[in-house]
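# A look at the structure
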Amino acid sequence: MAEGFDIDHLAKLARLSLTAEEKALYSSQLNQILGHFEALAQADLPALSDDARVVDEAALRSDEPGPVLGSAAVTRLAPASRDGQISVPRVVDDES
Amino acid sequence: MGEVLHTLSAGELGRRLAAGTLTSRALCEALITRFKALNETVGAFTHLDQADVLAQADASDARRKAGQGRGPLEGIPVAIKDNIAVKGQPLTCSSKMLAPLVSPYDSHVAERLRAAGAILYGRLNMDEFAMGSSTENSAIRKTFNPWDLARIPGGSSGGSAAALAAGLVPLSLGSDTGGSIRQPASHCGVVGLKPTYGLISRFGLVAFASSLDQIGPMARSIEDCELLLNALASADARDMTCFGPADRAFAPSGDAKKLRIGIPKGFLGKGVAPEVAAAVNAAVAFYRAQGCAISEVELPSSDLAVPTYYVVATAEASSNLGRYDGVRYGHRSASAGTPVEMMTASRSEGFGPEVKRRILLGTFVLSAGYADAYYVRALRARAKIRGEYLAALAGVDMLLTPTVPTPAFKVGEKASDPLQLYLEDIFTIPANLAGLPALSVPCGKSGHLPVGFHLVGAPLSEAKLLAAGRLFEAAHGFAHQQAAL
């Protein structure tokens, strides 16, 4: 099942930057683990039914406003903040 | 009296506190003294705010004096795994990603413990983001098995189990996604319960694999485990999967000697160490001698459990851990660049090797072209496994197996072989996949290392599991055991 396994593509999807050493190690380990998953490909399995869902929709609570942390507590957690807002690297370039 | 307080059960401590022969301050001072003497050796705790503990103890003693005691946990310390939020305390998941984080709010279980008068006592070490079976994946420190300091305590709730076995605290909380309460409980000779999925709110538990994660109680005896379970189980609208009336009581009920116990065919076969098989067989013989009906049951898809689990759990983890991007909280890389570069660098610096491995695996099994072959097939296998367990449990009250195939291994022994480590969870994983309650009970030793057996029951059968555990515990000497340190 594991043909086409591309560690560079996976790392990009997962937003991880890997060293050459890590790439070699994870490729080999993931291939070994995926080999163990072959049992799933061979098994005779039932079709997915509605009751395969983990959560019953009836358990959804009503959508009402509740207590929130507040901006002071939230910005205190942030790695960088300014004027009560979370700072991030510039997303949009200046118009030139 | 101070020198023996750490050997007493939570039940006995509660009785002494109620009788006025002990104060919470004296208890906490004794435990802090023990923490100072032993935590460097065992490594169970990653953080203990001693002044805060003593302030909580004084408040508890004052409540009791004023006739406002809040019940059997009043004044008793409960240590908490470092992935469960307690307001004002670190919440690191033993990861560099969250190292600077102090929780701004209480988890539901922390609220419940405060309401019960318990002392929220320190933060316990764990595998990073609860991913592991040895606590070696902690980015903060190693934890060692109090029964043999060269060996692992199990994981991911290794700190929770080691703290109990070392007499550092009478009660602890763990979390269990594939065995993370029960496997360390078995390795450290203590009791660990993974409750029915949905019995205890996950609000404030840092998510690993949301359809599998449960918080559960750990203790040195079944009675203490019940005490803690009763304080934790209640409905909570903030966790959409949490159900049930408030204050469900889980005292053992019925005649444990009439229980029907199923032994899954082939589970004591290959891969189980002879001493583990012997201890578990002795437990089966004990139940038979007590009058319980023992029968063999078939669980034909058991071989699918480990691959199914590692597809579902890593898929959910890769999604849940997407939130760690260095923007709102946690580690942010100093090498800024563009937002995507900042996120990628923050994640790469913040996560350890096992977390990266599982994120990559989960990303793969969900990726276009592979999701049907892996993730969807795993969901189908999960439904099949659940069906087989429920069918087996229609004919018996519970299933009995070893908790772990082998006793605790040496630190570093399996560090380079993730697949071998994943197979540690072979007996515990199905209960998570099927949402069933499961209990690990100490039942003997392999040499000097503890061994536990594992009971799995139908949804909400915690009382029966605890009754079976009590019957065994009352006839054997494994309750309240602690390693000599």
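Being a predicted model, the structure only gives us computed values, none of them experimental.

Turning next to the overall build of chain A. Secondary structure assignment for chain A yields four helices and two strands. For chain A, the α and β elements follow one another from N to C terminus as α-α-α-α-β-β. Counting every position in chain A, which comprises 96 residues, the buried fraction comes to 11%.

Attention shifts here to the sheet that holds strand E9 (residues 398-402) of chain B. Residue and element names in this part refer to chain B. The strand order across the open sheet built from 11 strands is E1-E3-E2-E4-E6-E5-E10-E11-E9-E7-E8, with neighbouring strands paired in mixed fashion. Each of the sheet's edge strands pairs with one partner strand only, and the pair in question is strand E1 (45-47) and strand E8 (293-297). Each adjacent strand pair in this sheet contributes to an overall mean axis angle of 35°, direction not counted. Examined bridge by bridge, strand E7 (residues 260-264) and E9 share two bridges and lie parallel to one another. The residue bridging Ile261 from the neighbouring strand is Met398, located in E9.

The interface is formed by 49 residues belonging to chain B together with 38 residues belonging to chain A. Among the secondary structure elements, those contributing two or more residues to the side of chain B that touches chain A are helix H9 (305-320), helix H10 (339-350), helix H11 (353-366), helix H12 (372-395) and helix H13 (418-422) of chain B. Among the elements that make up the side of chain B that touches chain A, the one with the highest residue count is H12(B) (nine residues). Looking at side-chain class alone, the side of chain B that touches chain A contains 29 nonpolar, 11 polar and nine charged residues.

Turning to unusual backbone geometry, a few remarks are in order. Residue and element names in this part refer to chain B. Put simply, Gly155 and Ser156 share a cis peptide bond, and its omega is 10°. Secondary-structure assignment places Ser156 in the loop between strand E3 (119-124) and helix H5 (158-165). Phi is positive for Ser94, which is not a glycine, with a value near 50°. Relative to the assigned elements, Ser94 resides in the loop between strand E2 (77-81) and helix H4 (108-115).

Looking now at the nonpolar core. Within the largest apolar cluster, 162 residues are counted, with the highest numbers of intra-cluster contacts made by B:Val78, B:Ala163 and B:Met398. Residue contacts for B:Val78: discarding those within four places in its chain leaves B:Leu113, B:Ala118, B:Ile119, B:Leu120, B:Tyr121, B:Leu171, B:Ser172, B:Leu173 and B:Leu228.

To continue, consider helix H8 (residues 274-290) of chain B. Residue and element names in this part refer to chain B. Here H8 contains 17 residues, and its C-alpha end-to-end distance of 24 Å stays within 8% of the 24 Å for a straight helix at 1.5 Å per residue. Among all positions in H8, only Val276, Ala279, Val280, Ala283 and Tyr287 are buried. With its buried residues spanning 95° around the axis, H8 presents them on a single face. Along H8, the residues that are exposed and aim more than 90 degrees away from the buried face are Pro274, Ala285, Arg288 and Ala289. Those residues of H8 hidden inside the fold are in contact with E7, E8, E9, strand E10 (438-446), strand E11 (449-457) and helix H15 (462-475).

Here we take up the environment of A:Asn31. With respect to the element layout, A:Asn31 can be found in helix H2 (residues 20-36). Separated by 26 residues in sequence, A:Asn31 and A:Phe5 have C-alpha atoms that sit 8.3 Å apart.

Below, the discussion takes up the pairing of E11(B). Residues and elements named next belong to chain B. Where burial is concerned, most of E11 is hidden: nine out of the nine residues are buried. Here E11 shows two buried faces, one formed by Leu449, Val451, Phe453, Leu455 and Gly457 and the other by Pro450, Gly452, His454 and Val456. For E9 and E11, the ladder comprises five bridges, and the chain directions are antiparallel. Directly across from Leu400, in E11, lies its bridge partner Leu455. As defined by bridge partners, E10 adjoins E11 across eight bridges and the pair is classed as antiparallel. Within the sheet, the bridge partner assigned to Lys445 lies in E11 and is Pro450. The antiparallel hairpin formed by E10 and E11 contains two residues in its connecting segment, where Gly447 sits at a positive phi of about 65°.

The buried count for H5(B) comes to eight of eight residues, which makes it a mostly enclosed element. Looking only at H5(B), the buried set comprises B:Gly158, B:Gly159, B:Ser160, B:Ala161, B:Ala162, B:Ala163, B:Leu164 and B:Ala165.

Below, the discussion takes up the confidence of the model for chain A. Looking at chain A, pLDDT values average 85 and 81% of them are 70 or higher. By mean pLDDT, the top-scoring element of chain A is helix H1 (residues 7-13) of chain A (96), and the lowest-scoring one is helix H3 (residues 38-42) of chain A (91).

This part is about the packing of helix H7 (residues 222-232) of chain B against H15(B). Residues and elements named next belong to chain B. Close contact between H7 and H15 brings their axes to 9 Å; oriented N to C, the two are set at 155°. With respect to their mutual orientation, H7 and H15 come out roughly antiparallel. Where H7 abuts H15, its residues Ile222, Cys225, Glu226 and Leu229 lie against Glu462, Leu466, Gly469, Arg470 and Glu473. Split by residue class, the contact of H7 with H15 holds four nonpolar, one polar and four charged.

Moving on, we get to the confidence of the model for chain B. Averaged over every residue, the pLDDT of chain B is 95; residues scoring 70 or more account for 97%. We note a pTM of 0.96 for the whole complex and an ipTM of 0.91 for its interfaces.

Turning our eyes to something else, we now look at the environment of A:Ile86. With respect to the helices, strands and loops of the structure, A:Ile86 is situated in strand E2 (residues 85-86). A residue is classified by how many C-beta atoms lie within 10 Å of it, and A:Ile86, with 16 of them, is partly exposed. Separated by 12 residues in sequence, A:Ile86 and A:Val74 have C-alpha atoms that sit 8.6 Å apart. Beyond its immediate stretch of four places on either side in the chain, A:Ile86 contacts A:Thr75, A:Ala78, A:Ser81, B:Val327 and B:Arg328.

How each quantity is defined
Residues numbered from 1 in each chain as written. Chains lettered and ligands numbered in written order. Predicted model: local features only at pLDDT ≥ 70, side-chain atom pairs only at ≥ 80, totals over all residues. Helix = DSSP H or I, 4+ residues; strand = E, 2+ residues; numbered from the N terminus. Buried ≥ 20, exposed ≤ 12 C-beta atoms within 10 Å, placed from the backbone. Pairing = 2+ DSSP bridges. Axes fitted to C-alpha atoms, helices over the stretch in contact; angles between N-to-C directions. Contact = placed C-beta atoms within 7 Å. Nonpolar A, V, L, I, M, F, W, Y, C, P; charged D, E, K, R; others polar. Core = buried A, V, L, I, M, F, W, Y, C linked by C-beta atoms within 7 Å. Expected span 1.5 Å × (residues − 1). Arc of directions from axis to C-beta. pLDDT = per-residue confidence, 0-100. Parallel < 35°, antiparallel > 145°, perpendicular 65-115°, else oblique.

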